[in-house]
Amino acid sequence: MVISESRPFLRADGPDKVTGSGRYVADISLTGMAAAKFKYAGMAHGRITKLDLEAARSIPGVYAVLTHKDVPDVRFGAIPDRKLFASDVVRFEGEVVAAVAAIDAATAARAVEAIVVEYEPLPIVDDLEAALDENSPLVHESWADYDADHVVRDRNVASFSSIERGDVEAGMAEADLVVTSRFEADASHAVPIEPRGILAQWEGDRVTIWSSTQVPFQARAGVCETLGLATNKVRIIVPHLGGGFGGKCGFHFEAHVAALARAVRRPVKLVFTREEEFVAPDRRREGMTIDVTSGIRRDGTLVARRGRMLLDNGAYTADADFFPQLAAMHLAGPYKIPNVLIESSLVYTNRQPSGSVRAPTAPQACWALEAHTDELADAVGMDPVAFRRLNAIDSGSVGVVGQTYGEIGLQQCINAAVEEIEYGSDLPPDEAVGVAIGWWPSFPGPSGVYIKIDDDGAGQIITGAQECGTGAVMTIPHIVADELGMQPGDFELIYQDTGAAPYDVGATGSQTLLNNGRAALAGARELARQLKELAAEHLEASTEDIVLQSGEASVVGSPASSVSIVELAAIAADNNLLLAHGSSEVIETPPLVGSTCVGDQGVAAWSAPQFSCHAVRVRLDRDTGVVRVLEVSTAHDSGTIINPLGATGQVEGGVLMGIGQALTEGTRYDEDGRQLNAGLLEYKLQTIADAPTIATRFIEIDTPDAGPHGAKGLAEAPNVATAGAIANAIAKLVGHPIRRLPMTAERVWETL
Amino acid sequence: MRFTKAETVEEALHAMAAGARPIAGGSDLMVAARQGKSPLPESIVAIDRIPALSRMDADERGMRIGAAVSHAQLEVDPRIVADYTALADAAALVGSPATRHVGTIGGNIMNSSPAMDTGAPLVVLDGRVELRSLDRTRQIDISEMWTGPGQSVAAVDELCTAILLPERAPRSGSGYVRLEYRRAMEIAVVGAAASVTLAPDGDLLAAISVALTAVAPTIVSVEIPKEAIGRPVDDDLLDRIAVAASERAQPISDVRASARYRKHIVGVMARRAAASAFGRARGETIGVPLNRTAGIGAP
Amino acid sequence: MTYILTVNGTDYPVDADVTRNLLSVIREVVGLTGTKEGCDDCECGACMVLLDGRPVNSCSYLAVQAQGCAITTIEGLQSDGDLHPLQRHMLESGAVQCGFCTPGMIVSARALLDANPDPDDEDIRIGLSGNLCRCTGYARIIEAVRKTAAGDSG
């Protein structure tokens, strides 16, 4: 533990945030700045028959109206199926048809209104099963021409993956009982409280873009790809970022705004309304249908599982190409099952594209699997917790893809969570406790930092990592200071600026501390070596005998012989500078053993997997179907916890998001494929008045091949199991699972 | 847009005669304009600083609530909480603390939404609306006020100046409860208010009225069969109230709920409102708002 | 239209279209950007300011209507450069993550504590129920307000 009670975590960006002095993109203004607005399709599927910009362009104060004709003809995306502007066919309501820059936002909005677009309506694909029919209309007529050899695909199926191990037919035959379940999950949204903002300014042939992105280097790559620019011509700076939860991952609208700014030769700023934040980004949590059948022996042992999953890709493949395999892993779950066949398809529809929202695919698949698991336990008359203890993997177990897990804490998580909530104790008749377990991979990736100490002893950490609120980047100075015997406050943090820092994947995949933390540790150790060498020379001692602590370098065993780091910095300033860099070393992904994955996307065998168990106590109003979550107890194995306060915050926030997904958050569509609840009144986040007591325990298992000091990822894992636990509590009260997510009051009531 | 601020009711009426729309907090107007649903009016007169409209006065005939009294004032006013409890139940549920400070009862009434929380309580409490224009002042029963969603009998130059609530009979109680999917920041999907008066001796019913929120184009009253009078308030009567409420409802299906669900739930809400009103009539202490002191919304 | 708004004790002459909301005038005319815009229909609370001590969603309030009121924004909470106890406790309790809801949350908490110096947890929950936070799960925010009310210096 790097951060302890004796050295509490005070986040370096905290004072900016509590005083209001911190700047987010919308808070930045530049001289001469114009305002951008987009013209959206407003319909789910149609062919553009007329696009008339004259009226819009003639409005005084309108500087430019751009369409596909004004940018390079480039397809982009994980499957390159999208262009910056629709040129022929629009495939979802939020597709950008044109972009306006004007003297102010009101004028830009008037110009958008004045753009005339006419469409020939095309049949809407919005049913996952029907989309598979060979006679179904295609979302992409020319799907076969897209350059995407890395995925298995066919017509409306953008990406197919399977996990197969053993012989599922034989396994089912061997089973004493076979239980089949079907579930359906609605799409939902990330809903960061900050709507996105983008501000672009050109100087010569270089553009600087301030963007509320979680992934500045990916955003840069997207701008370069679509506008045909070299990486050293594009600089992305993220000021403070007002939350993301995956919704601000990927490359979104930076290129549109940069193209506008270039066209009008002045800075251009785009700030989304809340409705746009719901409708336009390519980062919706995918809807899903899940069929799962499991075979068990009378003693409760799992022997076989067959699964079929359909994932709603929406109209374009932002980054969901690997989702089918990830979803399949979550339908397999952290269980020992010798015979498995799960087939999973990502299906094009005329809806908003899906993408990496916090633990993509996991909350829905885990919800279905864990409800199914309670049905299995019920079928053999076992307590659901006992059933999980019997079948869940433990240290040394072999999982569904043949991976043998090292030291893991899943069983300890189950024990801790059920103990905390006093599982099995008497409850009032309208209350029940449900339990679910979940897992999530850690994602190793490249990441770098520079660390330096200037002549006055003040330090600087320059990192490519992105802070989206989790505190992961704010933890980096603690890790560095710990190695150097300095204080976190001794370091200024320069971050989320592609023009200053080495590469990082960004605030995605819970990878910041895992990868950037290792880079920081490597950099700090390099700087420590430099300090020790300098001190050894100064103190006439051996480098190996120098220790760094309390701002001093001293000779071990003779504390009187010491020199302050400030003095060393002054010495170094005239000679070899105190200047280090660190990279995260490659962590090998474990191999698949004895299993096959058609359409393998590399997310079946997991490095440093994280585990969790959530137990919830709910109260049901039987007359209305309204469910309230009263208490949640959680236990997580995310390896070593470096920042307990920050880690607890991740769990509590993830749980609350999970409660929303379970009960109130679901996107509704009209028959024309348009969102019906693209606002915060009808898309209901949990309020502080709804928030239950949440107890959090960490099962700290030092994990090799993990992050710094044995830490795994954490930000997504708490978002996995909550909805499943709530489902199981409700099922105890109503006598059967609710088979549709979210489990709204009306849906619960309908089953009573 | 032209903006004026009235210091007196007369100033406001003159501005309205010249075509100005009155606003108190202005939230409904601003939200509608920002969402592009309807532009701001050409001319606005602010009435939130007129002292006469922000007062509550009580005497032996009842209570006079100025139209610019906020929900925040209503939810804590001792006389409202004690005698007109359903109105306090409703005021305490509106939106959030901020919207309760800004939103006024007069604004709510004139906005004429069938989902307004304070509407059903005013109906069961026999409220009357005072409407003033330059040339006349009139009072109308609240139950005759609304003609459809966003529509009322008030003329464009009429200002809602007050709501008048008659003195409550002894042994009376009232309550308002609504369906909530979360404990705050909700709009009524379905709601019901009830007022109960008990006979002077014993717990037999002397009078009852029930009104429903968000299940028809306006707030509607429920006919309670006459046989109920003189009977005890028991499960059987509460069941009849629930059935009568469900039968009275003509709800729509929308993103918030299906018509079928609303029709059922309005019965549940009417039952709960009546049961609480009965309890309060008997002198039981049932905290305000009902949604958060009883049932699913309890902490 | 030209008028005066009094923000954090300072009079600002405002020359702005009469249709503008208080939020945009505070941010773009007065130039204080601590007050945030998260929605357009009073549903998130990021734009919360105090008018004569009462919490108001500035996104849905006409700026001209705030003439003559004492307007308090997040920038008005510090005194002599020291953090307000609410700001300090939010920071120390781990109640701040992305920070976008934080100014509005603190402003609402200030209104709550001014009206009710000794709130219980349910009072805090209702008092802050107009402010959405997507990051924290709210527990640390409740703790921060509780500690401020208790005058906790730790």
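Residues numbered from 1 in each chain as written. Chains lettered and ligands numbered in written order. Predicted model: local features only at pLDDT ≥ 70, side-chain atom pairs only at ≥ 80, totals over all residues.

Novice: How would you summarise the overall build of chain A if you had to cite specific residues and measurements?
Specialist: Counting its secondary structure elements, chain A contains 18 helices and 31 strands. Over its C-alpha trace chain A gives a radius of gyration of 27 Å, about what one expects of a compact globule, namely 27 Å for 752 residues. Seen along its three principal axes, the alpha-carbon backbone of chain A occupies a region of about 75 × 75 × 50 Å. Burial status across chain A gives 62% buried among its 752 residues. Restricting the contact set of chain A to residue pairs at least 6 apart, pairs at least 24 apart contribute 80%. (Helix = DSSP H or I, 4+ residues; strand = E, 2+ residues; numbered from the N terminus. Rg over C-alpha atoms; globule rule 2.2 N^0.38 Å. Buried ≥ 20, exposed ≤ 12 C-beta atoms within 10 Å, placed from the backbone. Contact = placed C-beta atoms within 7 Å.)

Novice: Describe the sheet that holds strand β14 (residues 220-222) of chain B, with residues and values.
Specialist: Residue and element names in this part refer to chain B. Strand order in this open sheet of four strands is β11-β12-β13-β14, and the pairing throughout is antiparallel. The sheet is open, and its two borders are formed by β11 (172-178) and β14, each paired with just one other strand. Geometrically, the sheet is characterised by an average inter-axis angle of 20° between neighbouring strands, direction not taken into account. Bridge count for strand β12 (residues 191-198) against strand β13 (residues 205-213) is eight bridges, and the pairing is antiparallel. Pairing of Gly191 across the sheet is with Thr213, part of β13. Sheet strands touched by helix α10 (residues 259-281): β11, β12, β13 and β14. Its angle to β11, the strand with the most contacts, is close to 150°. (Pairing = 2+ DSSP bridges. Axes fitted to C-alpha atoms, helices over the stretch in contact; angles between N-to-C directions.)

Novice: Talk me through the interface of chain B and chain A; I want residue IDs and the actual numbers.
Specialist: Interface size, as often reported, equals the accessible area lost upon joining of the parts. Tallying the contact residues gives 16 residues for chain B and 20 residues for chain A. Here the side of chain B that touches chain A is composed, by residue class, of 11 nonpolar, two polar and three charged. (Nonpolar A, V, L, I, M, F, W, Y, C, P; charged D, E, K, R; others polar.)

Novice: Outline unusual backbone geometry, supporting the account with residue identities and numerical values.
Specialist: Following Leu741 of chain A, the chain continues into Pro742 of chain A via a peptide bond in cis, with omega recorded as 0°. Tracing the backbone shows Pro742 of chain A in the loop between β31 (740-741) and α18 (745-751). Here the amide bond leading from Val288 of chain B into Pro289 of chain B is cis, since omega sits at -5°, within 30 degrees of zero. The backbone phi angle of Asp705 of chain A is positive, close to 60°, even though this residue is not glycine. Examined against the element boundaries, Asp705 of chain A turns out to sit in the loop between β30 (693-698) and α17 (722-734).

Novice: Quick rundown of the domain arrangement of chain A? Include the residues and the values.
Specialist: Residues and elements named next belong to chain A. When the domains of chain A are assigned, the result is domain 1 (25-122 + 196-271), domain 2 (359-443 + 603-751) and domain 3 (445-583). On a C-alpha basis, the centroid separation for the pair domain 2 and domain 3 is 38 Å. Each partner contributes to the interface: domain 2 provides 16 residues, whereas domain 3 provides 13 residues. Residue contributions to the side of domain 2 that touches domain 3 peak at three residues, all from helix α16 (residues 644-663). Class assignment for the residues of the side of domain 2 that touches domain 3 results in seven nonpolar, seven polar and two charged. (Domains from an automatic or database assignment.)

Novice: Describe helix α15 (residues 565-573) of chain A, and please don't skip the residues or the numbers.
Specialist: Residue and element names in this part refer to chain A. Of the residues making up α15, those classed as buried are Ile565, Leu568, Ala569 and Ala572. When α15 is viewed along its axis, its buried side chains cluster within an angular range of 105° and face the same direction. On the buried face of α15, the contacting elements are β20 (448-453), α14 (512-539), β24 (552-555), β25 (558-564) and β26 (578-583). (Arc of directions from axis to C-beta.)

Novice: Account for the sheet that holds strand β1 (residues 2-5) of chain B, with residues named and values stated.
Specialist: All names here are of chain B. Taken in spatial order, the three strands make up an open sheet running β1-β3-β2, and their pairing is parallel. Unpaired on one side and paired on the other, β1 and β2 (21-23) mark the two borders of the sheet. Within this sheet the neighbouring strands show an average axis-to-axis angle of 25°, counted without direction. Where β1 lies against strand β3 (residues 43-46), four bridges are found, and the strand directions are parallel. Bridge pairing in β3 places Arg2 opposite Ser43. Each of β1, β2 and β3 is contacted by helix α1 (residues 9-17), which is oriented at about 170° to β3, the strand it contacts most.

Novice: A description of the interface of chain A and chain C should follow, citing residues and the corresponding values.
Specialist: Across the boundary between the two partners, chain A contributes 48 residues, which contact 42 residues of chain C. Elements represented by at least two residues in the side of chain A that touches chain C include exactly α1 (14-19) and α16 of chain A. Tallying contributions element by element places α16 of chain A first for the side of chain A that touches chain C, with eight residues. The class makeup of the residues in the side of chain A that touches chain C is 22 nonpolar, 18 polar and eight charged.

Novice: Outline the packing of helix α2 (residues 85-92) of chain C against helix α3 (residues 102-115) of chain C, listing residues and values.
Specialist: Residues and elements named next belong to chain C. Between α2 and α3, whose axes approach to 10 Å, the crossing angle comes to 130°. As far as their axial angle goes, α3 and α2 are oblique. Judged by the sense of rotation from one axis to the other, the crossing of α2 with α3 is right-handed. Residue-level contacts link Leu86, Gln87 and Met90 of α2 to Thr102, Ile106, Ala109 and Arg110 of α3. (Parallel < 35°, antiparallel > 145°, perpendicular 65-115°, else oblique. Left-handed = near helix turned anticlockwise from the far one by under 90°.)

Novice: Go over the domain arrangement of chain C, please, and point to the residues and values.
Specialist: All names here are of chain C. You can read the domains of chain C as domain 1 (2-75) and domain 2 (85-149). Centre-to-centre, using C-alpha coordinates, domain 1 lies 21 Å away from domain 2. Contacts between domain 1 and domain 2 engage 15 residues on the former and 13 residues on the latter. Of all elements in the fold, only β3 (48-51) and β4 (54-57) reach the threshold of two or more residues within the side of domain 1 that touches domain 2.

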